[in-house]
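Observations on chain architecture
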Amino acid sequence: MNPVLVIGSASVHVARIVRGLCDAGQSVVLVTHGELALDAHPLLLAAVTLDLGAANWRAPRQIRALIRRWSPRVVHAHQANSVGWHAARAAQDSGVPVLLTLWGSDVLTTPSLSPLHRWMVRRALGGASAWSADARMVLEAADALTLNRRAPATRAWIPIGIDEPAAPSESSQQERRLLSCRLHKPLYRIDAILRAFARLPAHCTDWTLEVAAAGPETQALKALAAELGVAERVEFSGMLSPQALALSYRRAALFVSVPRSDGTAVSLLEAMAAGCVPVLSDLPANREWVVDGINGFLARDVDALDPVLVQAIDEWESGRWATRGGALNPPLIRAKALLAHNIQQFLALYAQLRAS
């Protein structure tokens, strides 16, 4: 079987796709913008680092040379940005279909950066044989960008799922803890989580907040926690290994994620699988997974996040969560968002594209 040519950023999400494909018996040739550390696998035939920035006019020619060398069954490009744009131009007239996986920000926010960004995203979308996304609203946003003029007939909702969660152990029982593990960037509004945590009423003062991950705002967030008088109840745990992050999910009663814009976040899927109460910004992609008040809570106004946190805390402390959302979410993730299942969906889509 010919390999799949996977093209993307040097991202953990790309690494997981490559690992999943190889584990499923599909050979891969990988092209990344920046070096991506991957464990050796006999089906990872090559890993190439290229400059996939928009200014590298040689990138399509370099990708085209790889297409000629490896004769891939499909080019699987990740994100409708310069990566998708270069991939679509490289595969043009090659007879090799291009599957473009949308990540959310590429169609939700990148087009608003400038007319040039909007043009590039549209060209990437128009040059693809098929789109996939982990949220239906992302596919709808892509449709709106192309005005349906150059949209492919094939669109697929496929999450980039998670590994099978480990069974909980007695040493990792849920505690009165909130967990935030999104990057420390303005998009993710970690400062709003800190402010809401500081405003929790007196009966919640035995709760703690773990702020995992890191980013350009880390030091400012630590200073904010001190300014708000909650530094002693906030744990900045930094960038965690997968094993340490899994333990943090299992310890936390609440998972809090309130970005301004998002597709389906892997962290949300992991938190739902672990049984955390999700407290999320009210975004279309989040509504595809969470029904407000049933299997999670949606904050329509993030500046008034604290009452939503109190609702979620009360749900957990009353024991209602254990028999309601806490019982619903893990089976939902096992049915819809396990990586091994999602990889099979990608393999079926590859076969469909080759057949057409």
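The following paragraphs examine the structure supplied in this document. (Residues numbered from 1 in each chain as written. Predicted model: local features only at pLDDT ≥ 70, side-chain atom pairs only at ≥ 80, totals over all residues. Heavy atoms only, no water.)

Our next topic: the environment of Phe255. Relative to the elements of secondary structure, Phe255 occurs in strand β11 (residues 252-257). Phe255 sits 123 residues away from Ser132 along the chain, and the two C-alpha atoms are 27 Å apart. If near-sequence neighbours (up to four positions away) are discounted, Phe255 is found in contact with Leu179, Cys181, Tyr249, Ser267, Leu268, Ala271, Cys276, Val277, Pro278, Val279 and Leu280. (Helix = DSSP H or I, 4+ residues; strand = E, 2+ residues; numbered from the N terminus. Contact = heavy atoms within 4.5 Å.)

Moving on, we get to the packing of aromatic side chains. This model, assessed by the stated rule, comprises 4 aromatic pairs. Geometrically, the ring pair formed by Tyr249 and Phe255 is tilted, given 6.4 Å between the ring centres and 55° between the ring planes. For the cation-ring pair, Arg89 lies above Trp85, with the distance from its terminal atom to the ring centre recorded as 3.8 Å. In this arrangement the basic side chain of Arg136 is found over the ring face of Trp157, its NZ or CZ atom lying 4.1 Å from the centre. (Phe/Tyr/Trp six-rings, centres within 6.5 Å; stacked < 30°, edge-to-face > 60°. Lys NZ or Arg CZ within 6 Å of the ring centre and 35° of its normal.)

We now examine the packing of helix α7 (residues 190-198) against helix α12 (residues 305-318). Where α7 contacts α12, the two axes come as close as 8 Å, and the packing angle between them is 65°. In terms of axis orientation, α7 runs roughly perpendicular to α12. Considering only the axes of α7 and α12, their crossing is right-handed. Each of Ala192, Ile193, Ala196 and Phe197 in α7 lies in contact with α12, whose residues at this interface are Leu305, Asp306 and Leu309. Taken together, the residues of the contact of α7 with α12 sort by class into 6 nonpolar, no polar and 1 charged. (Axes fitted to C-alpha atoms, helices over the stretch in contact; angles between N-to-C directions. Parallel < 35°, antiparallel > 145°, perpendicular 65-115°, else oblique. Left-handed = near helix turned anticlockwise from the far one by under 90°. Nonpolar A, V, L, I, M, F, W, Y, C, P; charged D, E, K, R; others polar.)

Without other data, these values stay purely geometric and don't point to any function.
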